[in-house]
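# Structure at a glance
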There are 2 protein chains.
Amino acid sequence: MALKKKPVTGMKDILPAEMEIRDYVLNIIKDTYRQYGFSSIETPCVEHIENLTSKQGGDNEKLIFKILKRGEKLNLETAETEADLVDGGLRYDLTLPLSRYYSNNAASLPSPFKALQVGSVWRADRPQKGRFRQFVQCDIDILGDATSLAEIEEILALTTALKRICPDKAYTVRVNDRAILKGMADYSGFPENETDQVFIILDKMDKIGLDGVKEELLAEGYTAESVEKYTDLLGKVKNTAEGVRELGRILEGVMDPAKAENLAMIMDTVKEVADIDFGLEFDPTLVRGMGYYTGTIFEVSMEGFGGSVAGGGRYDKLIGKFTGTDTPACGFSIGFERIITILMDSGFKVPASSGKKAYLYEKGISGAALADILKKAQAERASGVRVAVAQMNKNKKFQKEQLQKEGYQEFVEFYRDSLK
Amino acid sequence: MALKKKPVTGMKDILPAEMEIRDYVLNIIKDTYRQYGFSSIETPCVEHIENLTSKQGGDNEKLIFKILKRGEKLNLETAETEADLVDGGLRYDLTLPLSRYYSNNAASLPSPFKALQVGSVWRADRPQKGRFRQFVQCDIDILGDATSLAEIEEILALTTALKRICPDKAYTVRVNDRAILKGMADYSGFPENETDQVFIILDKMDKIGLDGVKEELLAEGYTAESVEKYTDLLGKVKNTAEGVRELGRILEGVMDPAKAENLAMIMDTVKEVADIDFGLEFDPTLVRGMGYYTGTIFEVSMEGFGGSVAGGGRYDKLIGKFTGTDTPACGFSIGFERIITILMDSGFKVPASSGKKAYLYEKGISGAALADILKKAQAERASGVRVAVAQMNKNKKFQKEQLQKEGYQEFVEFYRDSLK
């Protein structure tokens, strides 16, 4: 039986042209983040199934690729449920493994620790255009810093990286805080233990609009009074730091005013320090799905493209699930694949860093004559030129066209007669 | 229940100090290979289980991490064997996925195609010091080139990369050809359909020596005459290109002499062209385990370290398993983890590429004063310095020591009083 040629469902083979863009963008991201003092780390792609199914990952926990036990541990006869069969799974994000990593290695790491992680994650989502089951995330996280310096530095680092990748595109960072979300729901009179349900509906805002949210809340059985009060509030809040402070005053009584002041201060300081141009807005409808967020949350969108290109927030309780002691933590993740898609769709070309030459030699050249050609190639390579050497194909024209697609612009041809 | 802090068995968390070396070495490898005209590609980490268990991977097929089917496809009640439960697995090397990739994408790629792949692979091996269940491989492969230019260029590229990584270490490339292995066995009179068994024993040479090989062959029931003739031959062959030609003359009658001449020519040309110093030896006992090799095979060892740091060979039949038409192919894989271990054990330090400064500010500094500190950091970052900003911990001395371990040599301290 012939083997299967296509990649597994929902995952993709990456061709050289795309890889060039990916490598280029990754280098910019890593360089920028290192300038901000982040250190590279790595965690295994495989994670304990107990950690992956600990209710920290929201809906992503339904999408885990699970790994079968091996050897004696696998007992098909006595297995009754899926849980009896598996002991690991592919990570669905980089944040949960990072929290485990920090719990395991905190003694060897500075405090606060600024981590930079680049790696693949897996989600068995329904395959659709531009969404894959294996994709790369680029995360920065600051662990052990309870102050809003973490948020400020991460927003600065991320926006600097984005601007270096796409200098021509305008983008906007939207921020909110889980405490403010909670405060608005409490203020509107929703039952206290049902606010998560309210936020799930609110999270659909970008798809169904404010009227849609209103409808769904009513359909869910919440009182018209609460729904009215809530949507009124959402509609009238200004998206500036001043707007956040105003909202803080409105919510006095149900929320600690320091929460609003903290977010407003983050916005003020980022704007004051940033040496590049981007939008920074308070968005009271921003929810973000992950179960582990506890405070500030952010999302970045790019002008002309739906959805977000980056997102993150504070998750002060996650590391405590491993260690028993809470450790403040705040992270920002770049939607790497989204950015690559945007660049590919807009015909982006990586700036050439070095010359590319192809040496083509006639069939039959070998021994000392071939060695001479290769020596010439070695010398050019040593001087920084990228040199591909190949025997001429019968269809030389097609061969050259293919090489041109790979970026080879200069061709040097060698024939038997001329080498004598 | 608390979550699990340790990584899954046999896999590891990589700390910043090791990551720095890994990133440095990977950059050298990629840069060098690109100079030789190799283009980056990527395949998914998950591969069809049918492809992974197609008898191409030798013993590695016993070590696959298998992935459970999902949704409706998973039927625990009716499942009788492991095969009913899984549809994918983690790749155990990069060569099999590359062959699938080439079969799937050949029409969009130049011919010959020079691929550069860096990625993790997984093997559920018994955990032991320095051997992990997830590890990185760095491969180059030339697909569609039947000439020995492929071998020559790959040996040149690989040795150049190794020399750039470890300029002080001597290393030796050992070469052989599956046809010569076969020729020697045939010449010695082993039964024709049992030569694979002979090679499995021969492959233990580095562990049990020539006498051990002799003993095992006899114990396996081969005639004393064959074993004597075989070990005599192995003992007397010279390790030079001239030795290969001599062996070719001895094997005339059981092997096409062009096979020996081809290998000798590869050795001559590499030596003639190489602009760096390394050993290049014919090793008639070199086997390499993978089922898919069909011709030349190579392995690289480093002075003072057991085992190999790179290996590869020609596999002209593997792509045909996907397409039905054989495509010549030859590849070289760097044992990346082995090299990292050697560098770490020998106290290797990455040459500093840019300054690293830590700004430490007294607790209580915020608002405009913090913004001023951050602006200063922004300006230094823009000029290429890596700047970490952090609030001073109570134990400032310990904080600085930790930062020094991360490579921060310069500290700038900010106090409330002095900022007024």
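Scoring rules and cut-offs
- Residues numbered from 1 in each chain as written.
- Chains lettered and ligands numbered in written order.
- Predicted model: local features only at pLDDT ≥ 70, side-chain atom pairs only at ≥ 80, totals over all residues.
- Helix = DSSP H or I, 4+ residues; strand = E, 2+ residues; numbered from the N terminus.
- Buried ≥ 20, exposed ≤ 12 C-beta atoms within 10 Å, placed from the backbone.
- Contact = placed C-beta atoms within 7 Å.
- Pairing = 2+ DSSP bridges.
- Axes fitted to C-alpha atoms, helices over the stretch in contact; angles between N-to-C directions.
- Parallel < 35°, antiparallel > 145°, perpendicular 65-115°, else oblique.
- Left-handed = near helix turned anticlockwise from the far one by under 90°.
- Nonpolar A, V, L, I, M, F, W, Y, C, P; charged D, E, K, R; others polar.

Time to look at the environment of glutamine 391 of chain A. Along the chain, glutamine 391 of chain A falls in strand 13 (residues 386-391). Of the residues examined, glutamine 391 of chain A has 20 C-beta atoms within 10 Å and is grouped as buried. Sequence-wise, glutamine 391 of chain A and tyrosine 359 of chain A are 32 residues apart; in three dimensions their C-alpha atoms are separated by 8.3 Å. Not counting the four nearest positions on each side in its chain, glutamine 391 of chain A is found in contact with Tyr361 and Lys363 of chain A together with Thr147 and Leu149 of chain B.

All names here are of chain B. Read across the open sheet, the three strands follow the order 13-12-14; overall the sheet is parallel. Only two strands of the sheet have a single neighbouring strand rather than two, namely strand 13 (386-391) and strand 14 (410-414). Averaged over neighbouring strand pairs, the angle between their axes works out to 20 degrees when direction is ignored. Note: strand 12 (residues 356-361) against strand 13, six bridges, orientation parallel. Bridging across to strand 13, tyrosine 361 finds its partner in glutamine 391. Contacts from helix 14 (residues 367-382) reach strand 12, strand 13 and strand 14, with the element oriented near 160 degrees to strand 13.

Bringing the environment of glutamate 154 of chain B into the picture now. Residues and elements named next belong to chain B. Relative to the assigned elements, glutamate 154 resides in helix 5 (residues 149-165). Judged by local crowding, glutamate 154 falls into the buried class, with 28 C-beta atoms found within 10 Å. Separated by 263 residues in sequence, glutamate 154 and aspartate 417 have C-alpha atoms that sit 63 Å apart. With residues near it in sequence (within four places) discarded, glutamate 154 still touches Ile140, Ile142, Gly312, Cys330 and Phe332.

Here we come to the packing of helix 1 (residues 16-35) of chain B against helix 13 (residues 336-345) of chain B. All names here are of chain B. At a minimum axis separation of 10 Å, helix 1 and helix 13 run at an interaxial angle of 125 degrees. One element, helix 1, and the other, helix 13, form an angle in the oblique class. Helix 13 is crossed by helix 1, and the crossing has right-handed handedness. Side by side, helix 1 and helix 13 meet where Glu18, Ile21, Arg22 and Val25 of the first sit next to Ile339, Ile340, Leu343 and Met344 of the second. Grouping the constituent residues of the contact of helix 1 with helix 13 by class yields six nonpolar, no polar and two charged.

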